[in-house]
Amino acid sequence: MSSMNYSFNQPSAADAVQRLTARSGKEYWRGLEEFVETESFQELIRSQFPEHAAQWSNALTRRQFLCLMGASLALAGVAGCSPQPPVGKIMPYVRQPEGMTLGKPQFYATAMDRGGVATGLLVKSHEGRPTKVEGNPNHPASLGATDVFAQATLLGLYDPDRSQSITYLGQPRGWSSAQLALRKALEAIRKNNGRGLRILTETISSPTLADQLAGQRKGSVAREFPEAKWYQYEPTHGDARLAGARLAFGEDIDTVYNFFAAEVIVSLDADFLAFPAAGLRYTRDFMNRRAAARDAKIITSNETTQSGMNRLYVAECMPTITGSVADHKLPLRPSEIQNLARALAAELGTADIQPPEPLAESRKKWVAAVAKDLQRHRGSSIVISGNGQPPIVHALAHAMNNVLGNVGRTVRYIEPIEARPTEQSGELRALGQEMQAGNVQLLLILAGNPVFTTPADLEFEKHLQNVPLRVHLGLYTDETAAQCHWHIPEAHFLESWSDARTFDGSVSIIQPLIAPLYGGRSAHEVLSALVEEAERPGHELVRSYWRKNWPRKSNATDFDWQWEKSLHDGMIAETAFAPKQGLKLRLDWDKPTAARSTSTNSLGASQTSANSAQPASEPLEIVFQPDPTVFDGRFANNGWLQELPKPITKLTWDNAAFVSPALAEKLGLSQTFGSSGGEHGEALVDVVELTLHGRTLEAPIWILPGHADDCVTVHYGYGRTLAGKVGSGVGFNAYQLRTSEALNFGTGLTIRKLDKRFTLACTQMHHSMEGRAPVREGSFDEFVANPQFLEARETEEHRRFQRELVPGRGAESKLAEASDADGGSKPEQSKLDSRLQPLSLYPEYDYGPPKNKWGMSIDLTKCTGCSACVIACQAENNIPVVGKTEVTRGREMHWVRVDRYYKGDSENPATYFQPVPCMQCENAPCELVCPVGATVHSADGLNDMVYNRCVGTRYCSNNCPYKVRRFNFFEYADFHTESLKAGRNPEVTIRSRGVMEKCTYCVQRIRAGQIQAELAGRSIRDGDVETACQQACPARAIVFGDMNDTGSEVAKQKAEPLNYGLLAELNTRPRTTYVASLRNPNPELEST
Amino acid sequence: MSDQPLHNTAQFSTPAEPPLIEPGYTFASVTDKISVIVLRKGTPRGWWVGLLISFSLVSLLLYAVSYLLIAGVGIWGINIPVGWGFAITNFVWWIGIGHAGTLISAILLLLHQEWRTSINRFAEAMTLFAVACAGLFPLLHMGRPWFFYWMFPYPNTMKIWPQFRSPLIWDVFAVSTYFTVSLLFWYVGLVPDMATLRDRSASRFGRIAYGVLAMGWRGSAYHWRRYEVAYLILAGLATPLVVSVHTVVSFDFAVANVPGWHSTIFPPYFVAGAIYSGFAMVLILAIPLRAFYGLEDFITQRHLENMGKIMLATGLIVGYGYFMEAFMAWYGGNQYDLYMAINRALGPYWPAYWALLACNVVAPQVLWFKRARSHVAVLFVVACIVLVGMWLERFVIIVTSLHRDYLPSSWGMYSPTFWDWATFLGSIGLFFSLLFLFVRFLPMISISEMRTLLPDANAEQAAEIKSDLTKLP
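Predicted, not measured: the structure shown is a model, and the values here were computed from it.

This part is about the overall build of chain B. When you go through chain B residue by residue, the secondary structure sums to 18 helices and 0 strands. Computed over C-alpha atoms, the radius of gyration of chain B comes to 24 Å, within 12% of the 23 Å expected from 2.2 N^0.38 for 473 residues, which places it in the range of a compact globule. Here the C-alpha coordinates of chain B stretch approximately 75 × 50 × 50 Å along the principal axes. For chain B, buried positions account for 58% of its 473 residues. Restricting the contact set of chain B to residue pairs at least 6 apart, pairs at least 24 apart contribute 82%.

Here you go:
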């Protein structure tokens, strides 16, 4: 069978519908009659409608059933817009009256599983249609926040490109015929004890699925097919993390960090603020600690009592959001990290560590200062290593945490949350060998896209052809589906029951909000249908597993109550893993004589001589990382994520080969901005040919300040060929260079500049603040010395500018300085940004109570630039996607953008982020110039946009100093795709072409909150209204509320001395203000 | 009161100055010479060629506008920092060109500059066509042009009015008023000539058409008297409009807070610029027309020279404007303004800025020399350069100010697309098409007014006035 050559046509549901509708009326019914006679239909009836099966002998009821079938077939076409409630009981989260009130959204707790880790979510549902994803405040990994992926998953749910029918060799098939065929094949395998059955999944933490696969019960794969094997592979999996723990402790463990208790943090290439597992939680903890220190409060946590601002040191190659908020960042090639870790460990006095190779003088200084700082904070520090680093670095981090006494304080070890921790690249290799040898009869690929994501050297696609029967379950008919005989549409996680563990081990039940739009099935259901005696629905599978395995002993009635409570809460109480006791650091893993771990050999100890700069001819290093927006490629067809400017680079719709400015200069590479859009749109870059061990790849380059020298970073996940209408043919496929020897980084890369240019869409190419200080920043020490230091610095800057510019002004400004100096006579008000005070001949409009005075404050110290706010806003406000070409023209539509500025040299600049929504100016320049009054002020001080009054002169945008207004140059909103309509927020207008739009402070939420308060007969309280961006922000950097309410958080923040208005000197009196960014550099390293 | 006649003093008191009309003409020969262009059978081939080229550009315009209405303004190169591009540049440019007509007709009339007579008719026509072209652009640049009437204060059931603080609303009033008054002024001036054409037309259609347009003009003394009063009143009305229109247009920029726009110098400097470009356009039209139709006797060297002098004067004012902009950017001590000034000169659009200075400030300096002023080709070339320069000026003001304003994160670039160019060139085509039709069907020089320039008329008039004066107490 293996020699058979199938032609894999693109399966298409449209084909099936077309064939059915092609038949004219009479024929159609005859066709149906015939269809009913088939065995597969009988089987379908038996399996799906057992209660009706008996009726099929009765001609009369059969006729009735035919009527029903006819109707359902006719309705199948409109299934996308008539969603049904999911099977199984689900619990609304908020205090809602029983049942659903039309027009009133309900919230359900569920969880999103990415890379085998769950993040708790609350999903908003309008009449049964999920319309917005929000974080679950009760969930430890979310605390109410979400990342970009969770926000964008809503679009994924309604993606019209998702596969919509079961296919065999590209031809549509019914579920029953698939089930029959596969069961038949499995019967044959069962005779051999299941030899030849292989199941490939992504990382699984779901206890139910693990039980179905490996559990020792009737109906599990392990029991029915004892010799079957279950493999896991995920391109982003942290093999090294587990291997490092094994090195250090001799067993599999996961590490959980408490960043709230940590005062000094050293990250060894770990982008912990963006970890899939706990990035949201870590961001919250880290930033809370940071801001709390600023607010001059003494922190009392369980472990320690501290004061002062925490300090973050990051050594990394590709600039990440973690590195960008670091107090000290050291750009290093990944291979250099190991030596740095050794040097640091040696400096800290870790025993039995191989001595580091000599470091350059500047690095030595760095290491010494960091070590000193760590030692000053024993028990309240963290050394954390990144997934891309070899096991030895992880082991070194463990050793350092041990020697610093952090374990049990800021670091705790728990059981791995993966159901079966394993070295996935090894498993994949084993599977490849088995396939090559012809030992695999049936390969069941349960989600994932291995044909696309597996390392190039394993030739997965080639070996796959040796498997006689290949079955793929997936959301899309992707690259893997095209290589499999059977493809079964997978149910989206918002459509199916499941469960998953979060970073601390606690279990979330994933409950669906909607019945599968395209008839998909979950992995649970597929396994049940193929392996178990009787197919069971997902709800029953999950529930029955937990009925048996509920963590606390309980009787049946108790279980029902607890089950519903856990659905409501979004997690099962008390399932978090307890810290592992009795772990002992082994001391034999890094003896000077010991051979280093094999997986590090290609990372080359010989490469680590840090001080010697490589000449251009010498091979370079290459780093592989998942893309910040499309991840490993699974989100490639998600327009929101494609168009989201990537946190540091601000690139959209493409990946690139990132190089440092020095390397670019050395190789003669350049990037310029094009004439359409320019700095805000079109980037013209050189294209290079990357060659790594005989494999070549063409890629556009991107020169990135702060990137480590002599190395190139590529993001994998792009270059999909069968992603769908949005994601196919976008970017280049970095997996083509990724081999199992160099999964995360490797050496031996050569670059050849090609005589080609490529256009990239970048929303912000301009790096510098041009001496304008839109982001005000300073150090914690300055702040402690003088809380008003920024105001003072601004004034001094301004005077200096004037003095230098116009010689005559010198005397004038000296006079002013003198009066400042002797008086100190400034009014008390001057603690605040004086530019925000009213400055008008006319009487002020009275925004006083009982009206609300809405305002926003954005804390730039806390902002990591993660961009969750951008996607949250997009989902909440029905913001359209415009496509790459339009982005190159500077026309992206995001209502809130995150500006990124650099300060300092391009080798290692300080990076600042500034989210910019509408400032809701009290003196709004946009309102003055609108000829038709389409943008006007509301009584509570909102700058409202009246879409249906707008004629589109764009004058308001020209006159907006913040450039936050967005214009529908074309008809960007998709008025035609049926499935997308269901996912829109019904409370926000879809804008037509020729209309200006902008941030409204989520006015629909404000009004809903006001109505709610009015119904309750009270005034609105702080926290009643949260904007979408505020809600999504993991750092809680965005605060929104009523400035008239002196107790509100926003009023408090605005009273802080670091609060300032962006461009407030224009007398716009912005309602959105910023809290200046504070960092806490180590005085000993000031020069770095 | 002296015995000096009110009119034509220049002609007699300074005989050294070249005459406004070459000697040897009589009333009849002037009428013949001008009306024959309209009334003769057969059209010169050159006219057809010109119309064909212009009309093909009109077709391009129609094509571009149709696509614009189907797809949206996104077909142009505009984007978020640069919300206005070619459309508003063209609007301001055309409005500027439209200034010369009324200036020549009204202000020079009130100032007794007789030399205006032979050029005022087609200058007025040019004004109308230029304002028509200008009017297209604000309409087309709107995101939803079908709602253009929301700009007007018309009573409606929603009781919504335009937002009167917006300079765009002032624009609507200023431009529409200007167009209306210019049209009336032009038409009133045409009435006696229509009657002449009616009387001379050989074809029945011509007689009827010109007859209707002549509105029963019989040339009686009453008619003439009322005509002159009406003409003077209209001139009085039009005069402030010349200043107001471009002042209001400049408010579009001056009122905004964009560095490079927000400047009090804009109104006078825009008006000067408008006159500057208007006279350039009159020269560009007059020079080929007088050659083609043999009108050198009517549009004389002296006319051309005078227009050259006005261009030089307004060019100097405009140059002063540029200088003051740069000076105030420095002297004002505002970092945004300073950056704007530097960015204009050295930023990505530097070629446009330096080209504008070369065209508008350097090129007209040759007009200091009488030899250059009296050289037709030189004048023509300078006028062309000035028109390009004035277009560039608007482009520089709009685009370079917008593309880098306050927040560096939002800086961007603008580059025109094919559709931008198509609309721009199309509007030029429209302008010239209308002009070709005008010279074919209407007298391009005012016959009745030209006749007043003849010595005969003057003798009569002088006598008349003298007798009038003697009646005074």
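After presenting the structure, the write-up continues.
To continue, consider a nonpolar patch on the surface. All names here are of chain B. There is a patch of nonpolar side chains on the surface, built from L139, F148, Y149 and F152 and spanning about 330 Å² of accessible area. By the secondary structure assignment, L139 is in helix α6 (residues 117–141). Residue classification places L139 among the partly exposed positions, given a relative accessible area of 33%.

To continue, consider the interface of chain B and chain A. Taken together, the contacts link 64 residues of chain B with 66 residues of chain A. Where chain B abuts chain A, roughly 5,300 Å² becomes buried across the two surfaces, and 55% of that area is made up of carbon and sulfur atoms. Interface area lost by chain B to chain A is led by I80, R144 and L407 of chain B, which between them contribute 14%. Inspection of the region where chain B meets chain A yields 2 salt bridges. Here chain B is connected to chain A by 38 residue pairs in polar contact (both at pLDDT 80 or more). Among the secondary structure elements, those contributing two or more residues to the side of chain B that touches chain A are α3 (45–71), α7 (167–200), α9 (221–254), α11 (301–331) and α12 (335–346) of chain B.

As enumerated under the stated definition, the model contains 77 aromatic pairs over all chains in all. Taking the ring centre of W230 of chain A as reference, the NZ or CZ of R420 of chain A above it sits at 4.5 Å. For the cation-ring pair, R440 of chain B lies above F441 of chain B, with the distance from its terminal atom to the ring centre recorded as 5.7 Å.

Gaps left between atoms are located by rolling a probe of water-molecule size over the structure's atoms. All names here are of chain A. By the definition in use, this model includes 15 cavities of 30 Å³ or more. Size it by volume and the second largest cavity reaches roughly 170 Å³. Of the residues forming the lining of the second largest cavity, the biggest block, 3 residues, is contributed by strand β31 (residues 897–903). Of the residues belonging to the lining of the second largest cavity, the class tally is 6 nonpolar, 7 polar and 6 charged.

Residues and elements named next belong to chain A. Residue P849 is joined to P850 through a cis peptide bond whose omega torsion reads 10°. Structurally, P850 can be placed in the loop between α27 (809–823) and β30 (854–859). Backbone geometry at D269 places phi at a positive 60°, although glycine is not the residue there. Take D269: it is sitting in the loop between β9 (264–268) and α11 (279–294). Overall, the relative accessible area of 16% leaves D269 in the buried class. One non-glycine residue with positive phi stands out, namely H693, at about 45°.

Residues and elements named next belong to chain B. Model confidence for chain B is summarised by a mean pLDDT of 85, while 90% of its residues fall at 70 or above. Of all helices and strands in chain B, the one with the weakest mean pLDDT is helix α1 (residues 9–13) (43), whereas α3 scores best (93). Under a pLDDT of 50 for its full length, residues 1–15 has, in the predicted model, 14 contacts with residues more than four places off or in other chains. Across the interface, the model reports ipTM at 0.89; the global pTM reads 0.85.

A few words on the sheet that holds strand β39 (residues 1072–1075) of chain A. A sheet is described by the order of its strands in space; here 4 strands give the open sequence β37-β30-β39-β38 (chain A), paired in mixed fashion. Strands with a single pairing partner mark the edges of an open sheet, and in this sheet they are β37 (1038–1042) and β38 (1059–1060) of chain A.

What follows is about the pattern of salt bridges. Residue and element names in this part refer to chain A. The final tally for this structure, using the stated rule, is 70 salt bridges over all chains. We note a salt bridge from E251 to K580, for which the minimum N-O separation is 2.8 Å. With E251 in the loop between α10 (239–249) and β8 (254–257) and K580 in the loop between α22 (556–569) and β21 (620–626), this pair connects stretches of sequence that are 329 residues apart. Judged by relative accessible area, which is 31%, E251 ranks as partly exposed. Its salt-bridge partner being K753, residue D686 comes within 3.7 Å of it at the nearest N-O pair.

Our focus in this paragraph is the pairing of strand β2 (residues 117–126) of chain A. Residues and elements named next belong to chain A. Where burial is concerned, most of β2 is hidden: 10 out of the 10 residues are buried. The alternating pattern of β2 places V117, T119, L121, V123 and S125 and A118, G120, L122, K124 and H126 on opposite faces, both of which are buried. Pairing geometry for strand β1 (residues 106–114) and β2, over 9 bridges, is antiparallel. Paired with F107 across the bridge in β2 is K124.

What follows is about the sheet that holds strand β4 (residues 166–168) of chain A. Residues and elements named next belong to chain A. Pairing within the open sheet is mixed, and its 7 strands lie in the order β5-β4-β18-β17-β16-β6-β7. With partners counted over all chains shown, the strands left at the sheet margins are β5 (171–173) and β7 (229–232), one partner each. Between one strand axis and the next, the sheet turns through 20° on average, direction left out of account. With 5 bridges connecting them, strand β16 (residues 442–446) and strand β17 (residues 469–474) associate as parallel partners. Within β17, the residue paired with L443 across the bridge is R470. Set on the sheet, helix α16 (residues 424–437) makes contact with β6 (197–201), β7 and β16; between it and β7 the angle comes to about 130°.

A few words on the nonpolar core. By size, the foremost hydrophobic cluster in this structure holds 370 residues, and its most contacted members are W702 of chain A together with W94 of chain B. Not counting residues up to four positions away in its chain, the partners in contact with W702 of chain A are T649, L651, A656, A657, F658, V659, Q671, A683, V685, L760, C762 and M765 of chain A. With 30 residues, the next largest nonpolar core counts W175, A178, L182 and L444 of chain A among its residues.

Let's shift gears to the environment of L139 of chain B. The sequence separation of L139 of chain B and I284 of chain B amounts to 145 residues, and the corresponding C-alpha distance is 27 Å. In contact with L139 of chain B, not counting residues within four places along its chain, are P145 and F148 of chain B.

All names here are of chain A. Burial of the side chains of strand β18 (residues 486–489) extends over both faces: W486 and I488 are buried on one face and H487 and P489 on the other. With 2 bridges joining them, β4 and β18 adopt antiparallel strand pairing. Across the sheet, the residue bridging to T167 is H487, located in β18. Inspection of the sheet shows β17 paired to β18 by 4 bridges, in the parallel sense. When the sheet's bridge partners are listed, G474 is paired in β18 with P489.

Positionally, L839 of chain A belongs in the loop between α27 and β30. When the C-alpha positions of L839 of chain A and M309 of chain A are compared, they lie 37 Å apart, and in sequence the two are 530 residues distant.

The rules behind each value
Residues numbered from 1 in each chain as written. Chains lettered and ligands numbered in written order. Predicted model: local features only at pLDDT ≥ 70, side-chain atom pairs only at ≥ 80, totals over all residues. Heavy atoms only, no water. Helix = DSSP H or I, 4+ residues; strand = E, 2+ residues; numbered from the N terminus. Rg over C-alpha atoms; globule rule 2.2 N^0.38 Å. Buried < 20%, exposed > 50% of the residue type's maximum accessible area, 1.4 Å probe, protein only. Contact = heavy atoms within 4.5 Å. Patch = residues over 30% accessible without salt bridge, like charges linked within 9 Å, V, L, I, M, F, W, Y side chains within 5 Å. Areas by Shrake-Rupley, 256 points an atom, 1.4 Å probe, with all protein chains shown as cover. Salt bridge = Lys/Arg side-chain N within 4 Å of Asp/Glu carboxyl O. Buried area = accessible area lost by both parts, 1.4 Å probe. Polar contact = N/O pair within 3.5 Å; in protein donor to acceptor, adjacent residues only side chain to side chain. Phe/Tyr/Trp six-rings, centres within 6.5 Å; stacked < 30°, edge-to-face > 60°. Lys NZ or Arg CZ within 6 Å of the ring centre and 35° of its normal. 1 Å grid on protein atoms, 1.4 Å probe; cavity = no way out; pocket = protein on both sides within 12 Å on 5 of 7 lines; lining within 4 Å. Points joined across faces, edges and corners; volume = space filled by probe spheres on them. Nonpolar A, V, L, I, M, F, W, Y, C, P; charged D, E, K, R; others polar. pLDDT = per-residue confidence, 0-100. Pairing = 2+ DSSP bridges. Axes fitted to C-alpha atoms, helices over the stretch in contact; angles between N-to-C directions. Core = buried A, V, L, I, M, F, W, Y, C linked by side-chain atoms within 4.5 Å.

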